[in-house]
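Geometric and topological summary
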Amino acid sequence: MKNDTPEELNPDKEIGRLIDEVMSSSLTDEQYRKKMQRRKEVQDKRIAEAVPEKGLIIVNTGNGKGKTTAALGMVLRSLGHGYKVAIVQFIKGSWEPSEKRVFSFWEDQIEFHAMGEGFTWETQDRDRDLDKASAAWEKSLEYIRNPDFHLVLLDEINIALKMGYLPVEDVLAGLAQKPANKHVILTGRGAPSALIERADLVTEMTLVKHPFRDQGVKAQPGIEY
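Now for a description of the structure that goes with this document. (Residues numbered from 1 in each chain as written. Predicted model: local features only at pLDDT ≥ 70, side-chain atom pairs only at ≥ 80, totals over all residues. Heavy atoms only, no water.)

What follows deals with unusual backbone geometry. A positive phi is found at E156, a non-glycine position, where the angle reads about 65°. When you line up the elements, E156 lands in the loop between strand 4 (151-155) and helix 7 (157-162). (Helix = DSSP H or I, 4+ residues; strand = E, 2+ residues; numbered from the N terminus.)

So this is what it looks like as C-alpha coordinates:
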(Lines give C-alpha, C1' and ligand atoms only; values in the text may rest on other atoms or scores of the structure.)
Protein backbone atom coordinates (compact mmCIF):
# COMPACT_ATOMS: atom_id res chain seq x y z
CA MET A 1 0.00 0.00 0.00
CA LYS A 2 1.26 3.42 -0.92
CA ASN A 3 2.21 5.57 2.09
CA ASP A 4 1.10 9.19 2.29
CA THR A 5 3.92 11.69 1.87
CA PRO A 6 3.73 15.26 3.23
CA GLU A 7 2.97 16.51 -0.30
CA GLU A 8 -0.03 14.18 -0.58
CA LEU A 9 -1.53 15.00 2.80
CA ASN A 10 -3.89 17.90 3.34
CA PRO A 11 -2.56 20.44 5.87
CA ASP A 12 -4.95 19.45 8.67
CA LYS A 13 -4.07 15.79 8.30
CA GLU A 14 -0.35 16.45 8.22
CA ILE A 15 -0.46 18.78 11.24
CA GLY A 16 -2.47 16.17 13.13
CA ARG A 17 0.10 13.50 12.26
CA LEU A 18 2.98 15.74 13.36
CA ILE A 19 1.26 16.52 16.67
CA ASP A 20 0.81 12.80 17.33
CA GLU A 21 4.45 12.15 16.52
CA VAL A 22 5.92 14.92 18.70
CA MET A 23 3.93 13.61 21.67
CA SER A 24 6.02 10.46 21.52
CA SER A 25 8.59 10.33 24.33
CA SER A 26 10.91 8.25 22.11
CA LEU A 27 11.88 11.19 19.89
CA THR A 28 15.36 12.61 20.17
CA ASP A 29 15.76 16.37 20.54
CA GLU A 30 16.83 16.58 16.90
CA GLN A 31 13.82 14.57 15.71
CA TYR A 32 11.51 16.79 17.76
CA ARG A 33 13.08 19.93 16.27
CA LYS A 34 12.63 18.64 12.72
CA LYS A 35 8.99 17.69 13.34
CA MET A 36 8.21 21.12 14.73
CA GLN A 37 10.11 22.80 11.91
CA ARG A 38 7.95 20.89 9.41
CA ARG A 39 4.80 21.88 11.27
CA LYS A 40 5.82 25.54 11.09
CA GLU A 41 6.43 25.20 7.33
CA VAL A 42 2.96 23.75 6.79
CA GLN A 43 1.31 26.41 8.95
CA ASP A 44 3.24 29.27 7.33
CA LYS A 45 2.22 28.02 3.88
CA ARG A 46 -1.44 27.92 4.89
CA ILE A 47 -1.29 31.46 6.24
CA ALA A 48 0.47 32.75 3.12
CA GLU A 49 -2.25 31.25 0.89
CA ALA A 50 -5.18 32.42 3.05
CA VAL A 51 -7.64 35.09 1.94
CA PRO A 52 -6.84 38.39 3.72
CA GLU A 53 -10.39 38.97 4.96
CA LYS A 54 -13.98 37.90 4.41
CA GLY A 55 -17.22 38.78 6.14
CA LEU A 56 -18.25 35.66 8.05
CA ILE A 57 -21.59 34.13 8.97
CA ILE A 58 -20.97 32.61 12.40
CA VAL A 59 -23.30 30.22 14.21
CA ASN A 60 -22.99 29.35 17.91
CA THR A 61 -25.40 26.55 18.73
CA GLY A 62 -25.76 23.42 20.87
CA ASN A 63 -27.22 22.66 24.30
CA GLY A 64 -24.19 23.80 26.31
CA LYS A 65 -23.60 27.17 27.93
CA GLY A 66 -21.44 29.83 26.33
CA LYS A 67 -23.08 30.59 22.98
CA THR A 68 -23.88 34.21 23.72
CA THR A 69 -20.78 34.62 25.88
CA ALA A 70 -18.52 33.57 22.99
CA ALA A 71 -20.32 35.95 20.67
CA LEU A 72 -19.90 38.82 23.13
CA GLY A 73 -16.17 38.13 23.15
CA MET A 74 -16.15 38.87 19.42
CA VAL A 75 -18.21 41.99 20.06
CA LEU A 76 -15.61 43.16 22.57
CA ARG A 77 -12.77 42.56 20.10
CA SER A 78 -14.59 44.52 17.42
CA LEU A 79 -15.16 47.43 19.79
CA GLY A 80 -11.49 47.32 20.70
CA HIS A 81 -10.63 47.77 17.02
CA GLY A 82 -12.93 50.77 16.82
CA TYR A 83 -15.63 49.06 14.75
CA LYS A 84 -19.34 49.73 15.04
CA VAL A 85 -21.42 46.83 16.34
CA ALA A 86 -25.14 46.08 16.59
CA ILE A 87 -26.76 43.55 18.95
CA VAL A 88 -30.36 42.41 18.59
CA GLN A 89 -31.68 40.01 21.23
CA PHE A 90 -34.63 37.91 20.06
CA ILE A 91 -35.78 36.05 23.17
CA LYS A 92 -34.16 37.80 26.11
CA GLY A 93 -35.57 41.16 26.95
CA SER A 94 -37.96 40.89 29.86
CA TRP A 95 -34.95 41.49 32.10
CA GLU A 96 -32.19 44.07 31.76
CA PRO A 97 -29.01 42.24 30.71
CA SER A 98 -25.82 43.30 32.46
CA GLU A 99 -24.02 43.24 29.12
CA LYS A 100 -26.15 46.16 27.98
CA ARG A 101 -24.95 48.23 30.92
CA VAL A 102 -21.31 47.32 30.28
CA PHE A 103 -21.50 48.14 26.58
CA SER A 104 -22.94 51.57 27.36
CA PHE A 105 -19.32 52.66 27.79
CA TRP A 106 -19.02 52.31 23.99
CA GLU A 107 -22.31 54.02 23.22
CA ASP A 108 -20.79 55.78 20.21
CA GLN A 109 -19.86 52.42 18.66
CA ILE A 110 -22.67 50.07 19.64
CA GLU A 111 -26.41 49.73 19.17
CA PHE A 112 -28.15 47.32 21.57
CA HIS A 113 -31.78 46.21 21.20
CA ALA A 114 -33.35 43.66 23.57
CA MET A 115 -36.55 43.03 21.61
CA GLY A 116 -37.92 39.83 23.12
CA GLU A 117 -40.14 39.58 26.15
CA GLY A 118 -38.48 36.68 27.85
CA PHE A 119 -38.49 32.94 27.42
CA THR A 120 -41.41 31.34 25.56
CA TRP A 121 -42.71 29.56 28.66
CA GLU A 122 -42.90 32.93 30.41
CA THR A 123 -44.72 34.85 27.66
CA GLN A 124 -47.27 32.09 26.92
CA ASP A 125 -48.57 34.10 23.95
CA ARG A 126 -47.54 32.69 20.56
CA ASP A 127 -49.00 35.53 18.49
CA ARG A 128 -47.12 38.11 20.55
CA ASP A 129 -43.93 36.04 20.31
CA LEU A 130 -44.35 35.95 16.52
CA ASP A 131 -44.84 39.71 16.38
CA LYS A 132 -41.79 40.35 18.57
CA ALA A 133 -39.61 38.01 16.51
CA SER A 134 -40.75 39.66 13.28
CA ALA A 135 -39.97 43.13 14.67
CA ALA A 136 -36.56 41.96 15.88
CA TRP A 137 -35.79 40.53 12.43
CA GLU A 138 -36.77 43.77 10.69
CA LYS A 139 -34.46 45.67 13.04
CA SER A 140 -31.72 43.12 12.35
CA LEU A 141 -32.07 43.62 8.60
CA GLU A 142 -31.41 47.34 9.03
CA TYR A 143 -28.03 46.57 10.57
CA ILE A 144 -27.21 43.66 8.25
CA ARG A 145 -27.63 45.95 5.24
CA ASN A 146 -25.92 48.97 6.81
CA PRO A 147 -22.25 49.08 5.73
CA ASP A 148 -21.34 51.25 8.73
CA PHE A 149 -21.68 48.27 11.10
CA HIS A 150 -18.80 45.82 11.00
CA LEU A 151 -20.40 43.16 13.22
CA VAL A 152 -24.03 42.24 13.92
CA LEU A 153 -24.98 39.83 16.70
CA LEU A 154 -28.42 38.18 16.44
CA ASP A 155 -28.71 36.71 19.91
CA GLU A 156 -31.05 33.71 20.34
CA ILE A 157 -32.32 34.00 16.77
CA ASN A 158 -31.82 30.24 16.40
CA ILE A 159 -34.51 29.74 19.06
CA ALA A 160 -36.89 31.91 17.03
CA LEU A 161 -36.12 29.78 13.97
CA LYS A 162 -36.53 26.53 15.88
CA MET A 163 -39.90 27.65 17.29
CA GLY A 164 -41.13 28.63 13.82
CA TYR A 165 -41.35 32.33 14.64
CA LEU A 166 -39.21 33.16 11.61
CA PRO A 167 -38.89 31.30 8.28
CA VAL A 168 -35.30 30.15 7.78
CA GLU A 169 -35.61 31.10 4.09
CA ASP A 170 -36.20 34.74 5.07
CA VAL A 171 -33.15 34.77 7.32
CA LEU A 172 -30.93 33.23 4.64
CA ALA A 173 -32.20 35.77 2.11
CA GLY A 174 -31.46 38.58 4.58
CA LEU A 175 -27.94 37.32 5.23
CA ALA A 176 -27.32 37.36 1.48
CA GLN A 177 -27.83 41.13 1.56
CA LYS A 178 -24.94 41.87 3.90
CA PRO A 179 -21.89 43.76 2.61
CA ALA A 180 -18.99 41.48 1.71
CA ASN A 181 -16.85 42.27 4.75
CA LYS A 182 -19.59 42.33 7.40
CA HIS A 183 -19.66 39.62 10.08
CA VAL A 184 -22.98 38.29 11.41
CA ILE A 185 -23.22 36.02 14.47
CA LEU A 186 -26.36 33.94 15.10
CA THR A 187 -26.68 32.27 18.50
CA GLY A 188 -29.05 29.84 20.16
CA ARG A 189 -29.61 26.11 20.38
CA GLY A 190 -31.24 24.18 17.57
CA ALA A 191 -29.77 26.05 14.60
CA PRO A 192 -31.47 24.69 11.45
CA SER A 193 -29.42 22.61 9.04
CA ALA A 194 -29.88 25.12 6.20
CA LEU A 195 -28.29 27.86 8.32
CA ILE A 196 -25.44 25.59 9.36
CA GLU A 197 -24.82 24.75 5.71
CA ARG A 198 -24.69 28.46 4.80
CA ALA A 199 -22.44 29.50 7.70
CA ASP A 200 -18.66 29.96 7.47
CA LEU A 201 -17.98 29.13 11.13
CA VAL A 202 -20.13 26.85 13.27
CA THR A 203 -19.48 25.96 16.90
CA GLU A 204 -21.64 23.52 18.84
CA MET A 205 -21.51 23.88 22.61
CA THR A 206 -21.83 20.45 24.24
CA LEU A 207 -23.52 20.17 27.62
CA VAL A 208 -21.56 17.93 30.00
CA LYS A 209 -22.65 19.24 33.41
CA HIS A 210 -24.88 22.14 34.42
CA PRO A 211 -25.35 23.51 37.97
CA PHE A 212 -29.10 24.06 37.57
CA ARG A 213 -29.81 20.66 36.03
CA ASP A 214 -27.42 18.67 38.22
CA GLN A 215 -27.47 20.60 41.51
CA GLY A 216 -30.50 22.87 41.40
CA VAL A 217 -28.40 26.05 41.49
CA LYS A 218 -30.25 29.12 40.23
CA ALA A 219 -28.84 31.51 37.62
CA GLN A 220 -26.24 33.76 39.25
CA PRO A 221 -25.03 37.30 38.48
CA GLY A 222 -21.76 37.34 36.61
CA ILE A 223 -22.28 33.76 35.37
CA GLU A 224 -25.67 33.59 33.66
CA TYR A 225 -26.53 37.30 33.58
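Read on for the rest.
What follows deals with helix 6 (residues 126-145). Across its 20 residues, helix 6 extends 28 Å between first and last C-alpha, which sits within 8% of the 28 Å expected from 1.5 Å per residue. The complete set of buried residues in helix 6 reads D129, A133, A136, W137, S140, L141, Y143 and I144. Buried residues of helix 6, seen end-on, are gathered within an arc of 160° and therefore sit on one face of the element. Exposed and oriented more than 90 degrees from the buried face of helix 6 are D127 and D131. (Expected span 1.5 Å × (residues − 1). Buried < 20%, exposed > 50% of the residue type's maximum accessible area, 1.4 Å probe, protein only. Arc of directions from axis to C-beta.)

With that settled, consider the packing of aromatic side chains. Evaluated as defined, the whole model comprises two aromatic pairs. Measuring from centroid to centroid gives 4.9 Å for Y143 and F149, while their planes differ by 75°, and the two rings are edge-to-face. Each member of the pair, Y143 as well as F149, is classed as buried. (Phe/Tyr/Trp six-rings, centres within 6.5 Å; stacked < 30°, edge-to-face > 60°.)

Looking at the element boundaries, T61 is found in strand 1 (residues 57-61). In terms of polar contacts, T61 uses its side chain to reach the backbone amide nitrogen of G190, at 3.2 Å. Residue contacts for T61: discarding those within four places in its chain leaves K67, N158, G188, R189, G190, A191, T203, E204 and M205. (Polar contact = N/O pair within 3.5 Å; in protein donor to acceptor, adjacent residues only side chain to side chain. Contact = heavy atoms within 4.5 Å.)

In this structure, F90, W137, L154, L166 and L186 are the most contacted members of the largest nonpolar core, which totals 29 residues. Among the secondary structure elements, those contributing two or more residues to this core are strand 1, strand 2 (85-89), helix 6, strand 4, helix 7, helix 8 (168-175) and strand 5 (183-187). At six residues, helix 6 tops the list of elements feeding residues into this core. If near-sequence neighbours (up to four positions away) are discounted, L154 is found in contact with V88, F90, W137, S140, I144, V184, I185, L186 and T187. V75, L79, L151 and I185 belong to the second largest nonpolar core, which has 13 residues in total. (Core = buried A, V, L, I, M, F, W, Y, C linked by side-chain atoms within 4.5 Å.)

Spatial ordering of the open sheet is given by 3-2-4-5-1-6, a layout of six strands whose pairing is parallel. Only two strands of the sheet have a single neighbouring strand rather than two, namely strand 3 (110-114) and strand 6 (201-204). Averaged over neighbouring strand pairs, the angle between their axes works out to 10° when direction is ignored. Relative to strand 3, strand 2 is paired through five bridges, and the arrangement is parallel. Bridge pairing in strand 3 links I87 to F112. Here helix 3 (residues 67-80) sits on the sheet in contact with strand 1, strand 2, strand 3, strand 4, strand 5 and strand 6, set at roughly 160° to strand 4. (Pairing = 2+ DSSP bridges. Axes fitted to C-alpha atoms, helices over the stretch in contact; angles between N-to-C directions.)

Where helix 1 (residues 11-22) meets helix 2 (residues 29-49), the axes come as close as 10 Å, and the angle between the chain directions of the two elements is 160°. In this view, helix 1 runs roughly antiparallel relative to helix 2, as classed from their interaxial angle. In this structure, the crossing between helix 1 and helix 2 has a hand that is left-handed. Contact with helix 1, carried on its side by P11, D12, E14, I15, L18, I19, E21 and V22, involves Y32, K35, M36, R38, R39, V42, Q43 and R46 of helix 2 and no other residues of that element. A class-by-class count of the residues in the contact of helix 1 with helix 2 yields eight nonpolar, one polar and seven charged. (Parallel < 35°, antiparallel > 145°, perpendicular 65-115°, else oblique. Left-handed = near helix turned anticlockwise from the far one by under 90°. Nonpolar A, V, L, I, M, F, W, Y, C, P; charged D, E, K, R; others polar.)

This next bit is on the pairing of strand 4. Of all five residues in strand 4, five are buried, a share of seventy percent or more. Every second residue of strand 4 is oriented toward a common face, with L151, L153 and D155 on one face and V152 and L154 on the other, all of them buried. Bridge analysis of strand 2 against strand 4 gives five bridges, and the strand direction is parallel. In the sheet register, A86 faces strand 4, and the bridge partner there is V152. Sheet analysis places strand 4 next to strand 5, joined by four bridges and oriented parallel. Its bridge partner lying in strand 5, L153 is registered against I185.

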